[in-house]
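Residue strings, one per chain:
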Protein chains: 2
Amino acid sequence: MSQQELRPPIGKKIKLADYDPNFHDGLDKDNTKVETVLLQKRLKQLQSMLFADKSQALLIVLQAMDAGGKDGTIKHVFTGVNPQGVRVAGFKQPSDEELAHDFLWRIHQHVPEKGYIGIFNRSHYEDVLIVRVNNLVPKAVWEKRYDHINHFEKLLVDSGTRILKFYLHIDRDEQKERFEERLQRPDKNWKFSRGDLGVRKQWDEYMKAYETAIYRCHTDDAPWHIVPANRKWYRNYVVMKTIIETLEDMNLKYPDPEPDLDKIVIDS
Amino acid sequence: MSQQELRPPIGKKIKLADYDPNFHDGLDKDNTKVETVLLQKRLKQLQSMLFADKSQALLIVLQAMDAGGKDGTIKHVFTGVNPQGVRVAGFKQPSDEELAHDFLWRIHQHVPEKGYIGIFNRSHYEDVLIVRVNNLVPKAVWEKRYDHINHFEKLLVDSGTRILKFYLHIDRDEQKERFEERLQRPDKNWKFSRGDLGVRKQWDEYMKAYETAIYRCHTDDAPWHIVPANRKWYRNYVVMKTIIETLEDMNLKYPDPEPDLDKIVIDS
């Protein structure tokens, strides 16, 4: 595939099989190295400006199959950014208290306040992914969630939050390789969980659930990006570039200083 | 002063005037540069191990006068660490809801869970600093808080959290210089607040309040460090070294893998 869009067209059904997880836009790891360092510096500057500005927030949603690279993306893209302005929230199996509320209740508590970058490692999308694949609630319930998600995300956008959603797209072969690495490397053993093998068997159902989630919840305000993620360096590069473009588009600026600063004298 | 202890003796009253904020242990910025880079790498590794291990947590408390370098310390020490494992909590003026609870209620919500480094940018110590200096509650109330703090910190320690408390020690001259920089540099104007000038006038009362807080709440389990902080590079160096020594002392290790990993075959 010579060209591949990162953002699918809005309002059209998609097939993930049409997206090549190996796509790398003719680039290679070596010739993006220098640019990656520059991008890291730029991201650090922009985050610092977002924090000073305090009028907007950025929410980044990361979704992927197991071993798809959610943790690695956070580590590689954000190590180098001042952690004071970054809040990472991971969403695992909900607690009893969380299940006793609507599915967005626990999510809402973690949306970033103005000035901050919030990163969701998994998210409210699990409620139309794992929940749908395993029939954890009736279809009549999850079917309504796409609209609820859109309304919820619109609420955040209308309150000054930009939203970027990334699906890190790997294929079954890549997942097998990564699982095998976890089995073989003692320093990665702890990341392996037998439960992940059950999820792997449901691969095709998950792809369908992702296709629907992306199609139903892909908007100009809160767009999905299908990130070719078999190559980790390309995945990181694409995610970083997309975040930087978004921050640059936010017209961040230092807040107005208090008036008459030039008249102030500090006593000894 | 040729030598200066970072940790004051336990159970003895201290005078901050005895601690030189310019102390730099005979080092200079240039000859610590290489070591600082190595320390950053080591901190990154140790944080990653803490996150994998998930049996202990680290709480770092930062206190200082305005412009003392709390934000700068976080930025310089922790930029380079994976933000997924770091939670920074800033404590400003309490809300009505927070004031309607005991003073540790809002603090308790932000203590780090196992696997995490929690950083407090200001903390429960404000309740025996600004509160005491300005008589925001009667003496009979704040006087009891030192014991409450010690009991609270012991609770955390007994639950697997290490605590490091840093007082970033600058003098009035250094604060004046830093305020003047905020007034002069357009990119720093936004950090200047007229309110800080009022606090500056209370410098001596604050020093007394810090001396009591350090003396009353300095324990083997949750020690205070008086960090010479006029020189930013030395401040960062000392804080980083102390954090690393503590993490190294925690005997972090990768958790035990699930049994019989070698018998697992991943299907194609």
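Sequence positions are assigned chain by chain, starting from 1 and proceeding in written order. For naming, the first written chain is A and the first written ligand is 1, with later ones following in the order written. Selection of residues for local features in this predicted model requires a pLDDT of at least 70, selection of side-chain atom pairs for listing and counting requires 80 or more, and totals for whole chains, interfaces and linings are taken over all residues. Processing note: side-chain calculations cover all non-hydrogen atoms of the structure and skip hydrogens and water entirely.

A.B. asks: What am I meant to see in the overall build of chain A here?
C.D. replies: Numbering goes from the N terminus for both helices and strands, where a helix is a DSSP run of H or I of at least four residues and a strand is a run of E of at least two. Helix and strand counts for chain A come out as eleven helices and five strands. Seen through its principal axes, chain A has C-alpha atoms that stretch 70 × 50 × 40 Å. With a 1.4 Å probe rolled over the protein chains alone, any residue whose accessible area is under 20% of its type maximum counts as buried; one over 50% counts as exposed, and the rest are partly exposed. Every one of the 268 residues in chain A was classed for burial, and the buried ones make up 50%. Sequence separation of 24 or more characterises 81% of the internal contacts of chain A that already satisfy a separation of 6 or more. Roughly 12,900 Å² of accessible area belongs to chain A as shown, and the carbon and sulfur atoms make up 49% of that amount. Positive charge is attributed to Lys and Arg, negative charge to Asp and Glu, and no charge count is given to His or to the chain ends. Taken as the charge centre is NZ of Lys, CZ of Arg, CG of Asp or CD of Glu, depending on the residue. Distance between charge centres in chain A, computed from 42 positive and 42 negative side chains, equals 4 Å. Should any heavy atoms of two residues lie within 4.5 Å, those residues are counted as being in contact. Working definition of accessibility: Shrake-Rupley area with a 1.4 Å probe, residue cover restricted to the visible protein chains.

A.B. asks: Help me understand the pairing of strand S4 (residues 161-169) of chain A, please; the structure alone is not making it clear to me.
C.D. replies: In the case of a regular strand, side chains alternate between the two sheet surfaces. Residue and element names in this part refer to chain A. Burial runs high along S4: eight of the nine residues are buried. We call two strands paired when DSSP finds no fewer than two bridges between them. Across eight bridges, the pairing between strand S1 (residues 57-64) and S4 is parallel. Each residue of the ladder has a partner; that of valine 61, found in S4, is lysine 165. Pairing analysis gives five bridges linking S4 to strand S5 (residues 224-228), with the strands arranged parallel. Note that in S5 the partner of leucine 168 across the bridge is valine 227.

A.B. asks: For this particular structure, what's the right way to read the relation of the copies chain B and chain A?
C.D. replies: Mapping between the two copies of the chain is achieved by a rotation about an axis and a shift along the axis. Copies overlap after least-squares fitting; the atoms used are the C-alpha atoms of residues with pLDDT of at least 70 in both. With an RMSD of 0.0 Å, the operation that places chain B on chain A is a rotation of 180° combined with a shift of 0.0 Å along the axis. The transformation relating the two chain copies, once decomposed into turn and shift, fits a two-fold axis. The position closest to the rotation axis in chain B is occupied by the C-alpha of Gly80(B), lying 2.3 Å away. Here 100% of the contact residues of chain B are again contact residues in chain A; the copies associate through an equivalent surface.

A.B. asks: Honestly, the interface of chain B and chain A in this entry has me stumped. Any pointers?
C.D. replies: Counting residues at the interface gives 41 residues for chain B, matched by 41 residues for chain A. Of the roughly 4,000 Å² buried where chain B meets chain A, counting both sides, 58% is carbon and sulfur surface. Throughout, buried area stands for the accessible area (probe radius 1.4 Å) lost by two parts on being put together, summed over both. Among the residues of chain B in contact with chain A, Gln84(B), Trp190(B) and Ile266(B) are the three that bury the most area, contributing 18% of the side total. Put simply, a salt bridge is a Lys or Arg side-chain nitrogen that is within 4 Å of an Asp or Glu carboxyl oxygen. The tally of links between chain B and chain A comes to six salt bridges. Residue Asp267(B) is joined to Lys201(A) by a salt bridge in which the shortest nitrogen-to-oxygen separation is 3.9 Å.

A.B. asks: Even after reading the chapter, I still don't get helix H11 (residues 232-249) of chain A, so can you show me in this structure?
C.D. replies: Residues spaced three or four apart along an α-helix face the same direction, because each turn holds 3.6 residues. The end-to-end C-alpha separation of H11(A) is 26 Å, in line with the 26 Å expected for 18 residues at 1.5 Å each. In the segment just after H11(A), Asn251(A) is the residue with positive phi, at about 50°. Here a helix's expected span is defined as the number of its residues, less one, multiplied by 1.5 Å.

A.B. asks: I tried to follow helix H2 (residues 70-78) of chain A on my own but got confused; where do I start?
C.D. replies: Residues and elements named next belong to chain A. Every buried residue of H2 is listed here: Lys70, Thr73, Ile74, Val77 and Phe78. All buried residues of H2 project into a common sector of 100° when viewed along the axis, lining one side. In this structure, the buried residues of H2 make contact with helix H1 (33-53), S1, strand S2 (86-90), strand S3 (117-121), S4 and H11. Throughout, the arc means that of the directions going from the helix axis to the C-beta atoms.

A.B. asks: Looking at this model, I keep getting lost on the sheet that holds strand S4 (residues 161-169) of chain B. Mind explaining?
C.D. replies: Whenever strands of a sheet pair, they do so through backbone hydrogen bonds, lying parallel or antiparallel. Residue and element names in this part refer to chain B. Taken in spatial order, the five strands of this open sheet run S2-S3-S1-S4-S5, and their pairing is parallel. Strands at the two margins of the open sheet, each flanked by one partner only, are strand S2 (86-90) and strand S5 (224-228). With direction set aside, neighbouring strand axes in the sheet form an average angle of 20°. In this analysis, axes come from line fits to C-alpha atoms, helices being fitted only over the stretch in contact, and the angle between any two N-to-C directions falls in the range 0 to 180 degrees.

A.B. asks: Whenever I open this one, the sheet that holds S5(A) confuses me. Can you help?
C.D. replies: Residue and element names in this part refer to chain A. Within the open sheet, the five strands sit side by side as S2-S3-S1-S4-S5. Their pairing is parallel. Each end of this open sheet is capped by a strand with a single partner; those strands are S2 and S5. Here the strands of the sheet are splayed against their neighbours by 20° on average, with no regard to which way each runs. This element, helix H7 (residues 145-158), spans S1 and S4 of the sheet and lies at about 135° to S4.

A.B. asks: I tried to follow unusual backbone geometry on my own but got confused; where do I start?
C.D. replies: If a residue is not glycine, its phi is most likely negative; likewise, a peptide bond is most likely trans. All names here are of chain A. Positioned with a positive phi, alanine 67 is a non-glycine residue whose angle comes to about 65°. Locating alanine 67 in the fold gives a position in the loop between S1 and H2. By relative accessible area, which is 9% here, alanine 67 ends up buried. Positive phi, close to 65°, is recorded for arginine 122, a residue that is not glycine. With relative accessibility at 22%, the residue arginine 122 sits in the partly exposed group.

A.B. asks: Just checking my understanding: could you explain the side chain of Asp127(A) for this structure?
C.D. replies: Residue position: Asp127(A) is located in the loop between S3 and helix H5 (130-133). Aside from chain neighbours lying at most four places away, what touches Asp127(A) is Phe103(A), Trp142(A) and Arg145(A).

Scope: geometric values only; no functional claims are made or implied.
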